[in-house]
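The chain contents come next:
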Amino acid sequence: MAEVEILHRLFSHAARDEWAESGWRNVPLDERDARRDVPAEVLHELDGLMAKIVPAGDDTAWVVRRFAAANGTYACVIACHPGLVADRGGRIGLVSHARLVHVPAGQAWLDAAALVEIAESFAIADVRAMRPELRLQGYVDLLSEESTASIREVTLSELDLPRAFLSDMLVGALARISRREQIRVALPPPEQTLIADLARAWAAIPVALQLTSAWATGLADGCPVDVVFAVSSGKPPRDVGSPALVDFVSRYVSVLLDSPHDFSAVLRNPEITSVSKLNDALQRAEPLSRIGDFTPPPAESVDMKKDRKKAPQSPIPHAEIDGDIHTELDRQFRAMETSLRTYIDQRFAAMEARATQREPKAAPTWTWQRGLALAGIIAMTVLVTWALTRKPLREPRRDDETTTIAETMPAETIDDAETPTTDPRMEARKAALDKVIATAENDRKWGEGLKTLIAENGAMVSDAIAEATKGLPENHTVRVELSAIAKLIDDGKLQSRDRVRDLLIDVLSGRRIDGRLDDVDVDEIKSRYGVKSESKDIVKGFDLQSEIILRWLKEKYP
Amino acid sequence: MTMWVLCKDCWLRHDASTLLATCKQCVANTKIERPEPLVTIGGAGPFPRPGPLVCKKHPTEPLDIYCRECRGALSPRSLIGSEGVVALAGDTLSGKTSLLWVISERLRQASASGVYIRAAIGNSDQEMKRAVRGIFSRGQIAPTQPHDADIRNYAWEIVLPSSASTVIAFHDAAGELWSGLATLPRTSYEMFYRYLDLAGSMVFAIDGERLMESIETAANGGVSTPEAREAQTHELAIVDAIARRVRARSVRMPLAAVVTKADRLWQRPAWSLFHPGNGATSEEIHAAVRDLLLAAGRKTLMDAIDDAFSPVHYRAVSAFGHAAEPPLRIEALRPARVEEPLLALLDGRVPPR
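Predicted model, so just to flag it, every value in this text is computed and none were measured. (Residues numbered from 1 in each chain as written. Chains lettered and ligands numbered in written order. Predicted model: local features only at pLDDT ≥ 70, side-chain atom pairs only at ≥ 80, totals over all residues. Heavy atoms only, no water.)

Once that is clear, we can look at the overall build of chain A. The secondary structure content of chain A amounts to 24 helices and ten strands. When contacts within chain A are restricted to residue pairs at least 6 apart in sequence, long-range pairs at least 24 apart make up 68% of them. Counting only carbon and sulfur atoms, one obtains 53% of the accessible surface of chain A, whose full area is about 28,000 Å². (Helix = DSSP H or I, 4+ residues; strand = E, 2+ residues; numbered from the N terminus. Contact = heavy atoms within 4.5 Å. Areas by Shrake-Rupley, 256 points an atom, 1.4 Å probe, with all protein chains shown as cover.)

Have a look at this one:
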């Protein structure tokens, strides 16, 4: 529990006196004003957001966001009250009130929920009882009673909401996260507690991911939020989220609510800034919950020598393993078996050859040994496969068995798949790229270099394309087209490189991504990627385009 | 004459290369419902086309076209020429929303000169209904929020006296945006700036009530109220900010300077000319409005307008025909001369088709 100062930001159509400017204006609040403590860039974004909030009906509209700052984050809840004040022309206007609290880095608090609680208990009825011209001043006076908020940390008991509600809220919030498309999602009643329940459910999203999330209730069009939740209108969450997202959220909620482990470290993890990173974290944590009753055996029972009497059995009953895991295990087992069989056959063939050379007339006597060796190797394979699948969970485990799920997936290991270390495939890619660039630097035939790279190391280019387009919406034309091209490259069927060059340059340019190059600042992109070519024809300069792409790839594979 | 397809939701004008399209027959055959670049299925080439947009493979199947930016469906009739869209500017409380609503209603029937709205483009009518719903529900119009130009965007297909048609499009922006235009960040108001970039003519609303107040203050030898002074400052700031953009584009932009709330003025003998029953000609109104602005101390404003815009039409209108005191009742509204500014701007347009 922490006692935190509440900062306020107030906008209204009403003027506090005749000297104040007309129209939608900030109402200064002296020492309580957020302007005092909140960084200018956050304030700028907040003011822009508040200008665009309009309630859909006669009830208060709510917008919830979190802003990033150098020393933590600011949780922000905005309440927009319609029909509370009148402007100079007598038109019924709005009062928008943002409450913010500063949250230190590394904390996962129920801050939005606490702010909603405070906002809901504000004596708005007392303000409405005043004469219209006095309401704004009355509102400001009442604010003096709100100075601090008591904020609890997020715990599983705080997230004790109906599972379906929690899942639906998360699907809605994550379906278009950061896109500000203002999709409308319908949630089950009761409406009276909707905003409070939503604010609590939002706490189930990691804080770093919340920074890209913005949601609302009771809001009309034209406000940059991801989603507007309502009880009576909107699409069902399953219609706005993909089946994969719905499935992911369902699994996430299961891990969150059913796992005996402390999940709050995941909520605090600053590295979880995207749904895919949360998914990665979930996948690392998941086997514990997906495998039902299965818990890793205690350390003493792992030593099979001490308990030989027990019948050897698979530690993971097949019936309880998810189909995907089972398929993957099966695939890995078969691959290893095939590989080992090939190896053994080669070794025995060599031994037979040597034996034949020593005793040409002796009959081969290896049948029983071969069978024994094969059986042993297959048994080893099973054990190795099982051990490999458990490895990510087992590695960070401590002897005292008090490990949390979060501790089993520390921040620095979440992205370790992206860290190029001594992966031979990565090294081969780097070498190929270096060779192509060195050749092109000599002969200036960058187009030929790119052609060679695509022909000989297509996967390298297609992987890079996939990563370059990751930030675009899934249905973005350029992303769709580049994905199709990446597949052609993978299949070795790419006929022309014109389009891949155009689209990639468009993505890399930092300008509007529309599949066209006429808005690309040639000098800027050349300088960004250290391009040495003197050409400035970005539209038809194929060598220039190719050099940019190769230099960009070099940044990716340094 | 080259034309473009307007997406009024994004304020982008598209040529064939930036449009997406689907053919219903292709979708049925392939079971793939994905818009493709228009040039790949409907052919390149400038607008307007001699015939309807049809699929290359199915020449009798009209294409549905979409904006590449927002992927929203577009009307193939939503064509604008180089004259672009009409900007409706003015200070807070100058009556822009009311004026726009009443114009859109009045032009559903042909004006005396034969101009009328043939059809709304996209959701324009629904948007308009939402914007003025306060009149229906509370007998009072609500102030406009300073949104980006992503809502309150309207486009209508207008039939001209020559029976040709054209598209007029507006965004109804809050007065605060216009008065703060000089410092408005493009990062937060990208669509609004796109709308400005498309604007080829402008209706500039001047609050008649504030003019009346200025005239009375001058007559009494008094001092202007803060509101009257603020209105004067904002009017000039808006014209200066837009004039800078017009000069930067090196274009000639027609402007209709419209005194709103003329009902407050026409009760005075000096301005009775503005009453619709007076029968004054456009030229007489033009001259009378100039006199009014001079009398209200707006010479600097007139000079700024005359310097930056050409041609300039001065008009006086009343959206409701009486003071906008609540409760407003639809049946009691008597709009006066509201179509005249728009018709003056349309007068010089070349019929596109």
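Next comes the rest of the account.
Okay, the pattern of salt bridges next. Note that side chains of opposite charge can pair when their charged atoms are close. Residues and elements named next belong to chain B. Under the counting rule described, the total for this entry stands at 53 salt bridges over all chains. Two residues, Glu157 and Arg118, come together in a salt bridge whose shortest N-O distance is 3.1 Å. Pair noted here: Glu157 is in strand E10 (residues 153–159) and Arg118 is in strand E9 (residues 116–120), with a separation of 39 residues, a long-range link. For the salt bridge of Asp197 with Arg245, the shortest nitrogen-to-oxygen distance reads 2.8 Å. Linking Asp197 in helix H7 (residues 190–198) with Arg245 in helix H9 (residues 226–249), this pair joins segments that are 48 residues apart in sequence. Bridged by salt links that share partners, the residues Glu69, Arg186, Glu190, Arg194, Asp197 and Arg245 form one connected network. (Salt bridge = Lys/Arg side-chain N within 4 Å of Asp/Glu carboxyl O.)

To continue, consider the packing of aromatic side chains. According to the stated counting rule, one finds twelve aromatic pairs over all chains in the structure shown. For the pair Trp215 of chain A and Phe229 of chain A, a centre-to-centre distance of 6.1 Å together with 70° between the ring planes defines the contact as edge-to-face. Of this pair, Trp215 of chain A sits in strand E9 (residues 214–217) while Phe229 of chain A sits in strand E10 (residues 227–230), and the two are 14 residues apart along the sequence. Summarising the burial analysis for this pair, Trp215 of chain A and Phe229 of chain A share the class buried. Ring geometry for Trp156 of chain B against Phe170 of chain B: centres 6.3 Å apart, planes inclined by 55°, an arrangement best described as tilted. Note that Trp156 of chain B is positioned in strand E10 and Phe170 of chain B in strand E11 (residues 165–171), a separation of 14 residues in sequence. We classify Phe170 of chain B as buried; its relative accessible area is 2%. Here a set of aromatic residues connected by ring pairs shows up, and it is made of Trp11, Trp178, Phe192, Tyr193 and Tyr195 of chain B. Above the plane of the ring of Phe122 of chain A lies Arg99 of chain A, whose end atom (NZ or CZ) is 5.5 Å from the centre. Note that Arg13 of chain B overlies the ring of Trp4 of chain B, its terminal NZ or CZ placed 3.6 Å from the centroid. (Phe/Tyr/Trp six-rings, centres within 6.5 Å; stacked < 30°, edge-to-face > 60°. Buried < 20%, exposed > 50% of the residue type's maximum accessible area, 1.4 Å probe, protein only. Lys NZ or Arg CZ within 6 Å of the ring centre and 35° of its normal.)

Turning our eyes to something else, we now look at the sheet that holds strand E3 (residues 19–23) of chain B. Residues and elements named next belong to chain B. The strand order across the open sheet formed by four strands is E4-E3-E5-E6, and the pairing between neighbours is antiparallel. Two strands close off the open sheet at either side, each with one partner strand: strand E4 (36–37) and strand E6 (73–74). In the sheet, strand E5 (residues 63–67) pairs with E6 via two bridges, with the strands oriented antiparallel. Bridge pairing in E6 links Ile65 to Leu74. (Pairing = 2+ DSSP bridges.)

With 16 residues, helix H9 (residues 243–258) of chain A ought to run about 22 Å at 1.5 Å a step, and its terminal C-alpha atoms sit 22 Å apart, in line with that. Buried within H9 of chain A are the following residues: Leu245, Val246, Phe248, Val249, Arg251, Tyr252, Val253, Val255 and Leu256 of chain A. (Expected span 1.5 Å × (residues − 1).)

Another aspect to go through is the side chain of Gln145 of chain B. Tracing the sequence through the fold places Gln145 of chain B in the loop between helix H5 (133–138) and E10. Residue class for Gln145 of chain B comes out buried when judged on its relative accessible area of 4%. A polar atom in the side chain of Gln145 of chain B sits 2.9 Å from the side chain of His13 of chain A. Of the polar contacts made by the side chain of Gln145 of chain B, one reaches the backbone oxygen of Ile53 of chain A; its length is 3.2 Å. Ignoring anything within four residues of it in the chain, the contact list for Gln145 of chain B reads His13, Trp24, Met50, Ala51, Lys52, Ile53, Val54 and Leu94 of chain A together with Ala174 of chain B. (Polar contact = N/O pair within 3.5 Å; in protein donor to acceptor, adjacent residues only side chain to side chain.)

The next point concerns the environment of Pro224 of chain A. Residue and element names in this part refer to chain A. As for its position among the elements, Pro224 is in the loop between E9 and E10. For Pro224, a relative accessible area of 29% puts it in the partly exposed group. Sequence spacing of Pro224 and Ser178 is 46 residues, and the spatial spacing of their C-alpha atoms is 9.4 Å. When sequence neighbours within four positions are dropped, the list of residues in contact with Pro224 reads Leu49, Lys52, Arg180 and Ala214.

Attention shifts here to the side chain of Arg66 of chain A. Residue and element names in this part refer to chain A. Within the element layout of this structure, Arg66 appears in strand E4 (residues 61–69). Residue Arg66 is classed as buried on the basis of its relative accessible area of 1%. In this structure the side chain of Arg66 is engaged in a polar contact, spanning 2.8 Å, whose partner is the side chain of Asp111. When neighbours within four sequence positions are excluded, Arg66 is seen to be in contact with Thr73, Tyr74, Ala75, Val103, Trp109, Asp111, Trp202, Val207, Gln210, Leu211 and Ser213.

This next bit is on the interface of chain A and chain B. Contact with chain A, which involves 36 residues of that partner, is made by 35 residues of chain B. Summed over both partners, the interface of chain A with chain B comes to about 2,900 Å²; 47% of that surface belongs to carbon and sulfur atoms. The largest share of the area that chain A buries against chain B comes from Lys52, Arg91 and Ile92 of chain A, three residues that together contribute 22% of it. Where chain A packs against chain B, one counts three salt bridges. Between Glu230 of chain B and Arg88 of chain A there is a salt bridge, with its nearest N and O atoms 3.6 Å apart. Seen at the junction of chain A and chain B, the total is seven residue pairs in polar contact (both at pLDDT 80 or more). (Buried area = accessible area lost by both parts, 1.4 Å probe.)

Moving on, we come to the environment of Val266 of chain A. Among the structural elements, Val266 of chain A can be located in helix H10 (residues 264–268). Each C-alpha atom of the pair Val266 of chain A and Ala108 of chain A lies 9.3 Å from the other, and the pair is 158 residues apart in sequence.

Quick look at the pairing of strand E6 (residues 92–104) of chain A now. All names here are of chain A. Where burial is concerned, most of E6 is hidden: ten out of the 13 residues are buried. Bridge count between strand E2 (residues 7–12) and E6: six bridges; the pairing is antiparallel. Bridge assignment links Leu7 to a residue of E6, and that residue is Leu100.

With that out of the way, let us pick up the sheet that holds strand E7 (residues 79–80) of chain B. Residue and element names in this part refer to chain B. Overall, antiparallel pairing links the three strands, which are arranged E2-E1-E7 in an open sheet. Of all the strands in the sheet, just strand E2 (12–14) and E7 have a single pairing partner and so form its edges. Here three bridges tie strand E1 (residues 4–7) to E2, and the two strands are oriented antiparallel to one another. What sits directly across from Val5, in E2, is His14.

Moving on: the nonpolar core. Formed by 91 residues in total, the largest nonpolar core has its most connected members in Trp178, Phe192, Phe274, Ile305 and Phe309 of chain B. Filtering out sequence-adjacent residues up to four positions away, Trp178 of chain B remains in contact with Ala87, Leu88, Ala89, Gly90, Lys96, Ala173, Phe192, Tyr195, Leu196, Ile238 and Ile242 of chain B. By size, the runner-up hydrophobic cluster in this structure holds 68 residues, among which are Ile195, Val207, Val249 and Leu278 of chain A. (Core = buried A, V, L, I, M, F, W, Y, C linked by side-chain atoms within 4.5 Å.)

Take unusual backbone geometry next. Cis geometry is found at the peptide bond from Pro189 of chain A to Pro190 of chain A, where omega equals 10°. By secondary structure assignment, the location of Pro190 of chain A is in the loop between strand E8 (183–186) and helix H6 (194–202). In this model, Phe47 of chain B is joined to Pro48 of chain B through a cis peptide bond whose omega is 0°. Topologically, Pro48 of chain B is positioned in the loop between helix H2 (38–41) and E5. Located in the positive-phi region is Gln182 of chain A, a residue other than glycine, with phi close to 55°. Among the structural elements, Gln182 of chain A can be located in the loop between helix H5 (163–175) and E8. Assessed through its relative accessible area of 14%, Gln182 of chain A is described here as buried.

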